[in-house]
Amino acid sequence: MNIIHTDCLVIGAGLAGSAYALHAARAGLDVQLLSLGGPSEANSDWAQGGIIFDTSARPDSLARDIMTASDGMANPAAIDQLVKEGPLAVRELLLDELDVAFDREPDGELELTREGGHSERRIIHAKDLTGRAILTSVANCVDATSNITRQMGSVAIDLLTLSHNTGRPADRFEPLTCFGAYVLDGKSGEPLAIVARKTILATGGLGQIFQHTTNRQGTVGHGYAMAYRVGARLIDLEYVQFHPTVFYGLNAPHFLITEALRGEGAVLKNGRGENFMNDVHELGSLAPRDIVSRAIHHEMVSSGDACVYLDLAALKPDYIRERFPYIYQRCKESGVDITTDPIPVVPAAHYSCGGVHTDLNGRTNVRHLNAIGETGCTGLHGANRLASTSLLECLTGAKFTAQADIADIGALEFRLPEPPAWESPQRDADPTLIQQDLSLVRQTMWNYAGIVRSDRRLTRARRILLELREEVQSFYSDCRLSRDLIELRNAVQTALLVVHAAKLNPDSKGCHFVVDDD
Ligand SMILES: Cc1cc2nc3c(=O)[nH]c(=O)nc-3n(C[C@H](O)[C@H](O)[C@H](O)COP(=O)(O)OP(=O)(O)OC[C@H]3O[C@@H](n4cnc5c(N)ncnc54)[C@H](O)[C@@H]3O)c2cc1C
């Protein structure tokens, strides 16, 4: 088995992983940067609305909005870090160094927009393709940095720990200590080991464990499942945010319809043309996401309609084409001209507010294992995330985590061992079974652990998933590893973690909404 040695193994090349890689590499560390696909194949590339850049003299107002959106559950220390340190992280990397092409006013000032749950305009954007503008600039910079090696198409399988992977008794290695990961090599298709002094989970969220989602394929919570298997602590996984507005069309692809449209005056209406959000919340269509998603769900269930509509009548056609070119074009390809017609929308799984528990420097309870971006959870989002906080969290978390690693990487107190070779069976798994099992996970989660949950539904989900986990485990032991098999194994595990967290929490808060059975 091939073994690579490095200082920092970064699993995931979205905004969080890429930004961490840049910081670490600039301090002279060697970085291996893994991704399932190419540099732009990450949810970060799909972010539309923008990134918070709040330089106002009243940062308390942002802190309040985050706390309110979180249903009072956010960690005040994490909010404080984001509010105080976020603007500098954006300025240093995105504005001063990379000069990302954010939209500007005629006088050259950054154009500010607003999204749901924000009491002020404080979000900067690049049309409705903000994530692409940011990640492209960051990825180009990564590619120009000599001590970062990209491992594209390489899939992390499992983390290496001193207790699990040295062949010596587990109790000799307390506390739990990580030293890299087994990886399915994108080039050879064979497992290899990357032995690292620091391992950073930056694998994004879990939207693809649900049937309807805004997330890219492959986003099944790889990092959560890997962390769980080595004994890392996970928190708040019941808080899965459902985005209220995803394009709905029979046989048409689903894609996100940014909240910024509502920030600019679009309103939600039901099939009878009624603005139903006015009766639900004082902010109407701009209420926090959990409230809007549930209101749409309620509207759809009570009317029997397959979707509701986003009415853009308040926005001028030229403005729509200029400000939202991506959404205009995508809707047009699906037969809807949004300068004249309302957009049919439904809610879909979007963001995991919970994740691998970390402190404010990305540290987990496993030594030398960090988690950042959507994979990590400092408690910043509590029970529900405020729009456009996640790209900012990726940047800020990456910076602080890298700084902490740079400061202590020289003082590692154990010699990195050689992990045992991976024993790989030669039989291929049946692709039809893998696809079928993955769709069963996604349907189970959507129907029984989705926007509205109950104990009976969650119990049923757990039963189905436990049985599936056994079956998948036998594929996993008997068959040759493939990306699809790794994905299925992690999807089932992540789904079980979400269901378990949801079952343990009977209180409806933020995006976890529980009804009584009867
Ligand atoms: C459609 C959409 C619109 C959004 N709009 C906004 C917005 O306007 N503003 C905002 O702040 N947030 C927005 N978000 C949320 C935000 O984009 C994400 O939370 C954020 O980009 C996550 O970044 P990340 O670096 O943590 O993960 P990602 O960008 O998801 O990257 C994950 C990386 O991990 C890799 N990976 C995963 N598993 C493995 C494995 N086993 N082995 C190797 N590599 C692996 C993937 O290939 C990828 O490179 C949006 C999200 C979506 C889906």
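Note that this is a predicted model, so its numbers are computed, not measured.

Engineer: Explain the sheet that holds strand β13 (residues 343–352) to me, and be specific about the residues and the numbers.
Structural biologist: Pairing within the open sheet is antiparallel, and its 4 strands lie in the order β10-β13-β12-β11. In this open sheet, the two strands that pair with only one neighbour each are β10 (240–247) and β11 (267–269). On average, adjacent strands in this sheet sit at an angle of 45° to one another, irrespective of strand direction. Taken together, the 3 bridges between strand β12 (residues 308–311) and β13 define a ladder with antiparallel strand orientation. Residue pairing across strands places Val308 opposite Val345, the latter belonging to β13.

Engineer: Got a sec to walk through the environment of Phe102? Specific residues and values, please.
Structural biologist: Within the secondary structure, Phe102 is located in the loop between α4 (76–97) and β4 (123–124). Classification of Phe102 by relative accessible area gives buried; the value is 5%. Distance in space between the C-alpha atoms of Phe102 and Leu112 is 9.9 Å, their sequence separation being 10 residues. Among all residues touching Phe102, those that are not within four sequence positions of it are Ile51, Leu94, Leu95, Leu110, Ile124, His125, Ala126, Thr130 and Ile134.

Engineer: Go over the packing of helix α3 (residues 59–69) against α4, please, and point to the residues and values.
Structural biologist: Close contact between α3 and α4 brings their axes to 10 Å; oriented N to C, the two are set at 140°. When the interaxial angle is binned, α3 and α4 end up oblique. Here α3 runs over α4; the crossing is right-handed. On α4, the residues touching Pro59, Leu62, Ala63, Ile66 and Met67 of α3 are Pro76, Ile79, Leu82 and Val83.

Engineer: For the packing of helix α1 (residues 15–26) against helix α11 (residues 390–408), give the residues involved together with the corresponding values.
Structural biologist: Across the interface, α1 lies against α11 with an axial gap of 8 Å and an inter-helix angle of 35°. Every pair of crossing elements has a handedness; the one defined by α1 and α11 is right-handed. Facing Leu15, Ala16, Ala19, Tyr20, His23 and Ala24 of α1, the residues of α11 in contact are Leu391, Cys394, Leu395, Ala398, Lys399, Thr401, Ala402, Asp405 and Ile406. Partitioning the contact of α1 with α11 into residue classes produces 11 nonpolar, 2 polar and 2 charged.

Engineer: A description of the site of the ligand should follow, citing residues and the corresponding values.
Structural biologist: Within the structure, the ligand sits among 39 residues, and Ser44, Gly49, Gly50, Glu374 and Ser390 are positioned closest to it. Leu15 places a main-chain nitrogen or oxygen 3.2 Å from an oxygen atom of the ligand. Gln48 places a main-chain nitrogen or oxygen 3.4 Å from a nitrogen atom of the ligand. Of all the secondary structure elements, the ones that give two or more residues to the shell around the ligand are α1, β2 (31–35), α2 (43–46), β6 (155–161), α6 (222–229), β13 and α11.

Engineer: Just give me the short version of the sheet that holds strand β16 (residues 376–377), but keep the residues and values in it.
Structural biologist: Pairing in this open sheet of 3 strands is mixed, and the strands run β9-β14-β16 from one edge to the other. The open sheet has two free edges, formed respectively by β9 (234–235) and β16, since each of these has just one partner strand. Here strand β14 (residues 355–357) runs beside β16; their pairing, made up of 2 bridges, is parallel. Within β16, the residue paired with Val356 across the bridge is Gly376. Running at roughly 40° to β14, α6 makes contact with β9 and β14 of the sheet.

Engineer: Describe the packing of aromatic side chains, and please don't skip the residues or the numbers.
Structural biologist: A full pass over the atoms with the stated rule returns 5 aromatic pairs. When the ring of Phe210 is compared with that of Phe242, the centres are 5.5 Å apart and the planes differ by 80°; the resulting orientation is edge-to-face. With Phe210 in the loop between β8 (191–201) and α6 and Phe242 in strand β10, the pair connects residues that are 32 residues apart, well separated along the chain. Side by side, Phe210 and Phe242 carry an identical accessibility label, which is buried. Where Tyr319 meets Phe324, the ring centres are 6.4 Å apart and the plane angle is 90°; that geometry is what we call edge-to-face. Relative accessible area serves as the criterion here: at 0%, Phe324 is assigned to the buried category. An aromatic cluster of at least three residues, connected via ring pairs, comprises Phe210, Phe242 and Trp446. Across the ring face of Tyr351, the terminal group of Arg385 is positioned such that the distance to the ring centre comes to 4.3 Å. Sitting over the ring of Tyr476, Arg489 keeps its end group 3.7 Å from the ring centre.

Engineer: Any chance you could break down the pairing of strand β7 (residues 178–184) for me, citing the residues and the numbers?
Structural biologist: In terms of burial, β7 is a largely internal element, 7 of the 7 residues being buried. Judged from the 5 bridges that link them, β6 and β7 form a sheet pairing that is antiparallel. Paired with Ala156 across the bridge in β7 is Val183. Of the pairings in the sheet, the one linking β7 to β8 comprises 5 bridges and is antiparallel in character. When the sheet's bridge partners are listed, Ala181 is paired in β8 with Ile194. Here β7 folds back onto β8 in antiparallel fashion, the turn holding 6 residues, of which Gly189 has a positive phi close to 75°.

How each quantity is defined
- Residues numbered from 1 in each chain as written.
- Predicted model: local features only at pLDDT ≥ 70, side-chain atom pairs only at ≥ 80, totals over all residues.
- Heavy atoms only, no water.
- Pairing = 2+ DSSP bridges.
- Helix = DSSP H or I, 4+ residues; strand = E, 2+ residues; numbered from the N terminus.
- Axes fitted to C-alpha atoms, helices over the stretch in contact; angles between N-to-C directions.
- Buried < 20%, exposed > 50% of the residue type's maximum accessible area, 1.4 Å probe, protein only.
- Contact = heavy atoms within 4.5 Å.
- Parallel < 35°, antiparallel > 145°, perpendicular 65-115°, else oblique.
- Left-handed = near helix turned anticlockwise from the far one by under 90°.
- Nonpolar A, V, L, I, M, F, W, Y, C, P; charged D, E, K, R; others polar.
- Near = heavy atom within 4 Å.
- Polar contact = N/O pair within 3.5 Å; in protein donor to acceptor, adjacent residues only side chain to side chain.
- Phe/Tyr/Trp six-rings, centres within 6.5 Å; stacked < 30°, edge-to-face > 60°.
- Lys NZ or Arg CZ within 6 Å of the ring centre and 35° of its normal.

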